[in-house]
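Understanding the architecture of this molecule
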Amino acid sequence: MSASDENKPLKPATKLAHAGRRPEWTGRVVNPPVWRGSTHLYESEAQRKAATSGTEDGEFFYGRLGGPTQWALAQALTDIEPGAYGTVLYPSGVAAIAGCLLAVLRPGDHLLMSDKAYDPSRAMATGLLKRMGITHSFFDPLDLAGFEALVTQKSPRAVWFESPGSLTMEVCDVPALASIARAAKAVSLIDNTWASALGFAALDHGCDITMQSLTKHVGGHSDLMMGSASAGERWYKALRRTSHELGQVVSPDDAALAARGLRTMKVRLDQEMASALKIAQWLENHPKVDQVLCPFLRGAPGYDLWSRDFTGGCGLFSFFLKSEDPEASGKLADTLNLFGLGYSWGGYESLVLPIYPVTHRSVMDAPKRGGALGGNRPAVRLSIGLEDPDDLIVDLDQALGQLDSP
Ligand SMILES: *Cc1c(COP(=O)(O)O)cnc(C)c1O
C-alpha cells in the first residue's frame, strides 16, 4: 500500500515530515489524532455483511486490525523504507522478530542466524522455534565462504542478519550474504534497528524483510515499546496475515507517540552520530581504552563496509578497556554521572552498559586486538544521546581516571 510511488524522489528529511499524513486519517490537524475504538457500528445488517469481506488496510473493521492512528504510522514507515510495499506494527521489537520468523518458517525448516544477532533473536531460535520443530545454525557473518558452505549444506528456508552486530558492532556484507541466500531460495531477514531505514536501505540491499525495534530510534524518548517489519508485497502480506492470526495490535496512543518521534528522527540520529563520532575519536586516543568498536569511526572494524552500504548511523557503539580487571566496565558505569545505566538505546539521554559479548556467541570470539583475544577484556557499550558531547567527554574522562591503571 505504498503511497510513495506517486511522490517525486524526496530526500529522507522531507519524507519524514510528510509521511503517512493522509487527510482521511489526520482530518484538519497536523498529526494523526489518537483514534480509539474497538467496534465499528453499522447502519444495517446489509452494510455489516458487505464489510465482513473487506479487511483491507485503511478500512475500519475491528480494533484488533488497527485504525487510522496505526495506519498512519505504518504508512509513514513504508514511505521512508525504499522498496517497501507495506509495514506491520508489533507491540515490541521482540514481537516483531517473532512475527517475522513465524510468517516465514514452518516445522521442519532450517534457519541460519547470524552469531552476532541480538540475544532475544538467538533465544527465539533456540527456544520457541526449536519447540516448533524448526532447526537452526548460527553462522559467522564475516565469513562469506563459510556461509555459502552452510547454505549448501543446510538448505535453509530463512537467514537472519543483523548489521552492525549486537554489542560488538561488526558490519557484514549484507548484499553478498543476501545474494547467496537468494540463489539458494532462502528468505533474507534483517534486524535493522541500529541504522533504521534512514541509515541502511535493507530491501534495496537484497533483504526480503526488514524489522526494527521502534522502541529505539523511532520512539526516541525512552517511553514506549513497539516494533515493525516492512517488506515488498509478497512478504508484507505474509507478515500481515500472521500478525492478524496472532492477534497482535499496538495501541493508538503508542502509535501516536511513535509517529511523533518519527518526525524528528533524522535530526536526532544525525546529532547523536556526530556526538558519538567525537566521543569515539576521543576514546580511541585514551590510554585506558583498548579498541573502539564504532563502524563510522575511520579505521575501526567494519568502517569500509559501513561507508560502502550505509547512509547514516546512530549514537550506539562499544569499546574495550585495557584493564585486566573483569569488574572494570562495571566500575566505569558506576562512576559516570551523565550516563544512565540501563538497557535499550536510541533515547535522547545517554546510556552506558557493561557488556560481556563472549557469553552471547556460539561460533565466534569477540573481536581480536593485535592477535590477542579481546574476548574477556572488560567492554562497555554507550548510547550517545542529545547532551553536549563535550560534557559527556568530561564525564568519561573523570570516570576513566578513577580506574586503576592501565
Ligand atoms: C532492543 C532491540 C530489539 C528488541 O526490541 P524491543 O522493542 O526492546 O522488544 C531488537 N533488536 C535490537 C537490535 C534491539 O536493540
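Residues numbered from 1 in each chain as written. Predicted model: local features only at pLDDT ≥ 70, side-chain atom pairs only at ≥ 80, totals over all residues. Heavy atoms only, no water.

The name given to the chain in an unreviewed UniProt entry is Cystathionine beta-lyase, with Erythrobacter longus as the source organism.

**Focus: the overall build of the chain**
Each helix and strand in the chain was counted, giving 15 helices and 14 strands. A compact globule built from 406 residues should have a C-alpha radius of gyration of about 22 Å, and the chain, at 22 Å, falls within 12% of that. Each principal axis of the C-alpha atoms in the chain carries an extent, and together these give about 80 × 50 × 40 Å. Taken across its 406 residues, the chain has 56% of its residues classed as buried. A separation of at least 24 residues holds for 75% of the contacts in the chain among residues at least 6 apart in sequence. Only carbon and sulfur atoms are counted for the fraction: they give 53% of the accessible area of the chain, which is about 17400 Å². In the chain, the 39 positive side-chain charges and the 46 negative ones have mean positions that sit 5 Å from each other. (Helix = DSSP H or I, 4+ residues; strand = E, 2+ residues; numbered from the N terminus. Rg over C-alpha atoms; globule rule 2.2 N^0.38 Å. Buried < 20%, exposed > 50% of the residue type's maximum accessible area, 1.4 Å probe, protein only. Contact = heavy atoms within 4.5 Å. Areas by Shrake-Rupley, 256 points an atom, 1.4 Å probe, with all protein chains shown as cover. Lys, Arg positive; Asp, Glu negative; His and termini not counted. Charge placed at Lys NZ, Arg CZ, Asp CG, Glu CD.)

**Description of the side chain of Thr168**
Tracing the chain through its elements places Thr168 in the loop between strand S4 (158–162) and helix H8 (174–183). Thr168 gets classed as buried once you look at its relative accessible area, which sits at 3%.

**A closer look at the nonpolar core**
Within soluble globular proteins, side chains that are nonpolar generally end up buried alongside one another. In terms of nonpolar packing, the biggest core is built from 84 residues, with Trp194, Phe317, Phe319 and Leu382 touching the most fellow members. Among the elements that make up this core, the one with the highest residue count is helix H12 (residues 265–284) (7 residues). The residue makeup of this core includes at least three contributed by each of domain 1 (7–263) and domain 2 (265–401). Among all residues touching Trp194, those that are not within four sequence positions of it are Pro164, Met169, His217, Pro295, Phe296, Trp306, Phe310, Gly312, Gly313, Cys314, Leu316 and Trp345. With 31 residues, the next largest nonpolar core counts Leu101, Met113, Ala238 and Leu239 among its residues. (Core = buried A, V, L, I, M, F, W, Y, C linked by side-chain atoms within 4.5 Å. Domains from an automatic or database assignment.)

**What about the pairing of strand S2 (residues 110–114)?**
Looking along a regular strand, one sees side chains alternate from face to face of the sheet. S2 sits mainly inside the fold: 5 of its 5 residues count as buried. Alternating residues of S2 divide into His110, Leu112 and Ser114 and Leu111 and Met113, and every residue in both groups is buried. In this structure, S2 lies alongside strand S3 (residues 135–139), joined through 5 bridges in parallel fashion. The residue bridging Leu111 from the neighbouring strand is His136, located in S3. Handedness of the crossover joining S2 and S3 through helix H6 (residues 119–131): right-handed. (Pairing = 2+ DSSP bridges. Right-handed = clockwise from strand over helix to strand, strands pointing away.)

**So, the packing of aromatic side chains**
Within this structure, the stated rule accounts for 11 aromatic pairs. For the ring pair Phe147 and Phe161, a centre distance of 6.2 Å and an interplane angle of 50 degrees mean the geometry is tilted. Placement of Phe147 in helix H7 (residues 144–154) and of Phe161 in strand S4 is noted, with a sequence separation of 14 residues between them. Taking the relative accessible area as the measure of exposure, Phe147 reaches 1% and is therefore buried. An aromatic cluster is present here, built from Trp194, Phe200, Phe296, Tyr303, Trp306 and Phe310 joined pairwise through their rings. Taking the ring centre of Phe138 as reference, the NZ or CZ of Arg122 above it sits at 4.0 Å. (Phe/Tyr/Trp six-rings, centres within 6.5 Å; stacked < 30°, edge-to-face > 60°. Lys NZ or Arg CZ within 6 Å of the ring centre and 35° of its normal.)

**A few points about the sheet that holds strand S10 (residues 340–341)**
Strand order in the open sheet formed by 5 strands is S8-S9-S14-S11-S10, with mixed pairing between adjacent strands. For this open sheet the edge positions go to strand S8 (289–293) and S10, each flanked by a neighbour on one side alone. By the bridge criterion, 2 bridges tie S10 to strand S11 (residues 351–355) in an arrangement that is parallel. When the bridges of S11 are listed, Leu341 appears paired with Val352. The sheet strands contacting helix H14 (residues 328–335) are strand S9 (316–321), S10, S11 and strand S14 (379–383), and the helix crosses S11 at an angle near 165 degrees. (Axes fitted to C-alpha atoms, helices over the stretch in contact; angles between N-to-C directions.)

**Here's the deal with unusual backbone geometry**
Following Ser163, the chain continues into Pro164 via a peptide bond in cis, with omega recorded as -5 degrees. Along the polypeptide, Pro164 turns up in the loop between S4 and H8.

**Observations concerning the domain arrangement of the chain**
For the chain, the assigned domains are domain 1 (7–263) and domain 2 (265–401). Taken together, the contact between domain 1 and domain 2 spans 43 residues of the former and 37 residues of the latter. Contact with domain 2 buries surface across domain 1, with Leu167, Trp194 and His217 losing the most and accounting together for 23% of the total. If you look at where domain 1 meets domain 2, you find 1 salt bridge. One salt bridge in this structure joins Arg308 and Asp173, with 2.7 Å as the shortest N-O distance. (Buried area = accessible area lost by both parts, 1.4 Å probe. Salt bridge = Lys/Arg side-chain N within 4 Å of Asp/Glu carboxyl O.)

**Describing the UniProt feature "modified residue: N6-(pyridoxal phosphate)lysine" (unreviewed entry) in the chain**
Under the local residue numbering, the UniProt record ascribes the feature "modified residue: N6-(pyridoxal phosphate)lysine" (unreviewed entry) to Lys216. Relative to the helices and strands, Lys216 is located in the loop between strand S6 (209–213) and strand S7 (227–231). By relative accessible area, which is 9% here, Lys216 ends up buried. Setting aside anything within four residues of it in sequence, one finds Lys216 in contact with Thr193, Ser344, Trp345 and Gly346. (UniProt positions renumbered as here; feature names shortened; annotations may be inferred.)

**Considering the site of the ligand**
Close contacts around the ligand come from 14 residues, with Gly93, Asp191, Ser213, Thr215 and Lys216 the closest. Note that an oxygen atom of the ligand is positioned 2.9 Å from one of the side-chain N or O atoms of Ser213. When isolated, the ligand has an accessible area of 380 Å², and the protein chains bury 92% of it. For the shell around the ligand, the element with the most residues is helix H5 (residues 93–104), which contributes 3 residues. Grouping the constituent residues of the shell around the ligand by class yields 6 nonpolar, 5 polar and 3 charged. (Near = heavy atom within 4 Å. Polar contact = N/O pair within 3.5 Å; in protein donor to acceptor, adjacent residues only side chain to side chain. Nonpolar A, V, L, I, M, F, W, Y, C, P; charged D, E, K, R; others polar.)

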